[in-house]
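# Structural overview for review
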Amino acid sequence: MRWRSVLLAVGALALAACSRGGDEPAPAIPEESLTQAPVAPEPVEISGEVSKTRDTLLRHARAGSLGGLSRMAEASDGFISNFGGQPHRDFWDLLRRTGLDPNLKLRQLLDEPAGVREVDGERWYVWPDLAARDAADLIPEKMSFQDRKRLRELIGDDGIALIRDGKGYPGMRTAIAEDGRWVYFVLGLDGED
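Here is what the cut-offs are and how they apply
Residues numbered from 1 in each chain as written. Predicted model: local features only at pLDDT ≥ 70, side-chain atom pairs only at ≥ 80, totals over all residues. Heavy atoms only, no water. Phe/Tyr/Trp six-rings, centres within 6.5 Å; stacked < 30°, edge-to-face > 60°. Helix = DSSP H or I, 4+ residues; strand = E, 2+ residues; numbered from the N terminus. Buried < 20%, exposed > 50% of the residue type's maximum accessible area, 1.4 Å probe, protein only. Pairing = 2+ DSSP bridges. Salt bridge = Lys/Arg side-chain N within 4 Å of Asp/Glu carboxyl O. Polar contact = N/O pair within 3.5 Å; in protein donor to acceptor, adjacent residues only side chain to side chain. Contact = heavy atoms within 4.5 Å.

### Details of the packing of aromatic side chains
Applying the stated criterion across every chain yields a total of six aromatic pairs. When the ring of tryptophan 124 is compared with that of tyrosine 184, the centres are 5.9 Å apart and the planes differ by 65°; the resulting orientation is edge-to-face. Here the residue tryptophan 124 occupies a position in strand β2 (residues 122-127), and tyrosine 184 occupies one in strand β4 (residues 182-186), the gap between them amounting to 60 residues. The class for tyrosine 184 is buried, based on a relative accessible area of 15%.

In structure tokens, the structure reads:
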């Protein structure tokens, strides 16, 4: 009989531990936006001029033609390939000789989805799409799991640390203006440090 009273006492204590007191706050309920599955953004439709420039860049990159890329860069007013002021061809040739192939990198970039960014009233199509986002929108905790995974693959932990420090997208990226002008092709962490 004694074991029944011990069993009842243990059961009563277990129920008391599991029950809520009347003065405890109700559990927090997340905002509705946090309970919904992330929705993939609509793919960006690029204009005809941007598409032509992208196709020409890909043709030169597939052929391994730094000369073709250099001519396109020189024909694009204000084009940026590096922040040291070196001629585009010299800079890209140096990268290639040190084991970083700009043609391969450009092909990889242009295979990524494009994003759109407004710069001085002009639409720029940016590859990869993550590079078109504001720095505050690149904080991994604010991103979907898929975008967070892509961000880590593109820029690694060092790049994510820079974003956490308030910097913009630090990895390689390229952009074409809406009128078809190639704006930049910078390598960020891969070659600009």
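### Examining the pairing of β2
Pairing analysis gives five bridges linking strand β1 (residues 115-119) to β2, with the strands arranged antiparallel. Following the sheet pairing, glutamate 118 is matched in β2 by arginine 123. Linkage of β1 to β2, two consecutive antiparallel strands, is achieved through a turn of two residues, within which aspartate 120 is found at a positive phi near 50°. In the sheet, β2 pairs with strand β3 (residues 173-177) via four bridges, with the strands oriented antiparallel. Looking across to β3, one finds that tryptophan 127 is bridged to threonine 174.

### A word on the pattern of salt bridges
Under the criterion given, the structure shown has 13 salt bridges. For the salt bridge of arginine 181 with glutamate 122, the shortest nitrogen-to-oxygen distance reads 2.8 Å. You can see arginine 181 sitting in the loop between β3 and β4 and its partner glutamate 122 sitting in strand β2, a full 59 residues away along the chain. Residue class for arginine 181 comes out partly exposed when judged on its relative accessible area of 22%. When its relative accessible area of 22% is taken as the criterion, glutamate 122 is described as partly exposed. Two residues, glutamate 153 and lysine 149, come together in a salt bridge whose shortest N-O distance is 2.7 Å. Taken as a pair, glutamate 153 and lysine 149 lie in helix α7 (residues 145-164) at a separation of four residues, close to a single helical turn. Exposure class is identical for glutamate 153 and lysine 149. Each is exposed. What emerges from the salt-bridge pattern is a single network uniting Glu112, Asp129, Arg133, Asp147 and Arg150.

### Re the side chain of aspartate 129
Relative to the elements of secondary structure, aspartate 129 occurs in the loop between β2 and α7. In this structure aspartate 129 comes out as buried when scored by relative accessible area, which is 15%. A polar side-chain atom of aspartate 129 sits 2.7 Å from a polar atom in the side chain of arginine 150. Not counting the four nearest positions on each side in its chain, aspartate 129 is found in contact with Pro113, Ala114, Gly115 and Arg150.

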